[in-house]
Amino acid sequence: GENVEQHPSTLSVQEGDSAVIKCTYSDSASNYFPWYKQELGKGPQLIIDIRSNVGEKKDQRIAVTLNKTAKHFSLHITETQPEDSAVYFCAALDPNAGGTSYGKLTFGQGTILTVHP
Amino acid sequence: DTEVTQTPKHLVMGMTNKKSLKCEQHMGHRAMYWYKQKAKKPPELMFVYSYEKLSINESVPSRFSPECPNSSLLNLHLHALQPEDSALYLCASSQDVSLQETQYFGPGTRLLVL
């Protein structure tokens, strides 16, 4: 099955700096890569996603890049703010998980991002 | 609106109790999911419903019993749980179970089993 590795596990930055979180996946069939932000006591919230036919996507201060050849994708947050502090999860969708016809999301282990004022 | 709601927010139950978790979405999504999340870990898939039918059971113990009464509602019935079942239980929904569909998560129910 799919395996997603996420690094770093913790990331501490100063307000205004950029933050980069990287993920690698194992199954070349995976074709959809969402990023979720989870604040304390809340459910994961989708912040950006990218599909396999696109190499880069940007939404204001957040961008995601995908390298299908190398099987890795990254989240870039610019001009970080204290409210960006949270746990970030990457995920990869395997469209034929275990021989089924349904797409299964496999998550990375998460990155705790702390933005210091 | 991409909102998935879950009730209750918190639940404390004994090992002999029976309780239910509820999830609701009004986005017209036809796929709904239950996930379990332990502290400092990613969500783990438990069940998938597609068009109100159970499609996937990720080898979950029978003390967890899912139910999908209609396309907007998803329940998780709990019976004879163990302390190690204490976790955050997340519901999610997506347009379909097929390719590249975004899953939207609810806020979760934090369960404590004593």
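Report follows, based on the coordinates. Just so we're clear, the structure is a prediction, and the values are computed from it rather than from any experiment.

1. Some remarks on the state of the cysteines
Line of reasoning, step 1. According to the stated counting rule, one finds two disulfides over all chains in the structure shown.
Line of reasoning, step 2. A disulfide bridge connects A:Cys23 with A:Cys90, and the sulfur atoms are separated by 2.0 Å. Here the disulfide of A:Cys23 and A:Cys90 is left-handed, its torsion about the S-S bond being about -100°. Pair noted here: A:Cys23 is in strand 3 (residues 19-25) and A:Cys90 is in strand 9 (residues 86-94), with a separation of 67 residues, a long-range link. As far as burial versus exposure is concerned, A:Cys23 and A:Cys90 are alike and both buried.
Line of reasoning, step 3. Residue pairing for B:Cys23: its cysteine sulfur links by disulfide to B:Cys91, the two sulfurs lying 1.9 Å apart.

2. Remarks on the interface of chain A and chain B
Line of reasoning, step 1. Each side of the interface is counted separately: chain A has 23 residues, and chain B has 24 residues.
Line of reasoning, step 2. Carbon and sulfur atoms supply 58% of the area that chain A and chain B bury against each other, a total of about 1,800 Å² over both sides.
Line of reasoning, step 3. Considering only the side of chain A, the residues that lose the most area to chain B are A:Pro44, A:Tyr102 and A:Phe107, jointly responsible for 28% of the buried surface there.
Line of reasoning, step 4. Linking B:Glu58 and A:Lys104 is a salt bridge whose minimum nitrogen-to-oxygen distance equals 3.0 Å.

3. What to know about the pairing of strand 8 (residues 72-77) of chain A
Residues and elements named next belong to chain A.
Line of reasoning, step 1. Direction of pairing for strand 3 relative to strand 8: antiparallel, over a ladder of six bridges. Looking at strand 8, one finds that Ala19 is bridged to Ile77.
Line of reasoning, step 2. Strand direction decides the pairing type here: strand 7 (residues 62-67) and strand 8, joined by six bridges, are antiparallel. Of the residues in strand 8, the one forming a bridge with Ile62 is Ile77.

4. Quick notes on the environment of B:Tyr51
All names here are of chain B.
Line of reasoning, step 1. Structurally, Tyr51 is set in the loop between strand 5 (44-50) and strand 6 (53-57).
Line of reasoning, step 2. Taking the C-alpha atoms as reference points, Tyr51 and Ser71, separated by 20 residues in sequence, lie 6.7 Å from one another.
Line of reasoning, step 3. Once you skip the residues sitting within four places of it in the chain, Tyr51 turns out to touch Arg30 and Asp96.

5. Considerations on the sheet that holds strand 7 (residues 64-70) of chain B
What holds strands together in a sheet is hydrogen bonding between their backbones, with the strands either parallel or antiparallel.
Residues and elements named next belong to chain B.
Line of reasoning, step 1. Read across the sheet, four strands follow the order 1-3-8-7 without closing on themselves; strand pairing throughout is antiparallel. Whereas interior strands pair on both sides, the edge strands pair on one side only; in this sheet they are strand 1 (4-7) and strand 7. Across the sheet, the mean angle from the axis of one strand to that of its neighbour is 20°, orientation sign disregarded.
Line of reasoning, step 2. Here strand 7 pairs with strand 8 (residues 73-79) via five bridges, running antiparallel. Following the sheet pairing, Ser65 is matched in strand 8 by His77.

6. Section: the sheet that holds strand 7 of chain A
Residue and element names in this part refer to chain A.
Line of reasoning, step 1. The five strands lie next to each other as 1-3-8-7-6, forming an open sheet whose pairing is antiparallel. Each edge of the open sheet carries a strand with a single partner, namely strand 1 (4-7) and strand 6 (56-59). Taking each pair of neighbouring strands and ignoring which way they run, the sheet shows an average axis angle of 15°.
Line of reasoning, step 2. Bridge count for strand 1 against strand 3 is four bridges, and the pairing is antiparallel. Across the sheet, residue Glu5 finds its bridge partner in strand 3, namely Thr24.

7. Focus: a nonpolar patch on the surface
Residues and elements named next belong to chain B.
Line of reasoning, step 1. A grouping of Val12, Leu112 and Leu114 is seen on the molecular surface, where their side chains present a nonpolar patch of about 290 Å² in accessible area.
Line of reasoning, step 2. Looking at the element boundaries, Leu112 is found in strand 11 (residues 109-113).
Line of reasoning, step 3. Since its relative accessible area comes to 40%, Leu112 is described here as partly exposed.

Cut-offs applied
Residues numbered from 1 in each chain as written. Chains lettered and ligands numbered in written order. Predicted model: local features only at pLDDT ≥ 70, side-chain atom pairs only at ≥ 80, totals over all residues. Heavy atoms only, no water. Disulfide = S-S within 2.5 Å. Helix = DSSP H or I, 4+ residues; strand = E, 2+ residues; numbered from the N terminus. Buried < 20%, exposed > 50% of the residue type's maximum accessible area, 1.4 Å probe, protein only. Contact = heavy atoms within 4.5 Å. Buried area = accessible area lost by both parts, 1.4 Å probe. Salt bridge = Lys/Arg side-chain N within 4 Å of Asp/Glu carboxyl O. Pairing = 2+ DSSP bridges. Axes fitted to C-alpha atoms, helices over the stretch in contact; angles between N-to-C directions. Patch = residues over 30% accessible without salt bridge, like charges linked within 9 Å, V, L, I, M, F, W, Y side chains within 5 Å. Areas by Shrake-Rupley, 256 points an atom, 1.4 Å probe, with all protein chains shown as cover.

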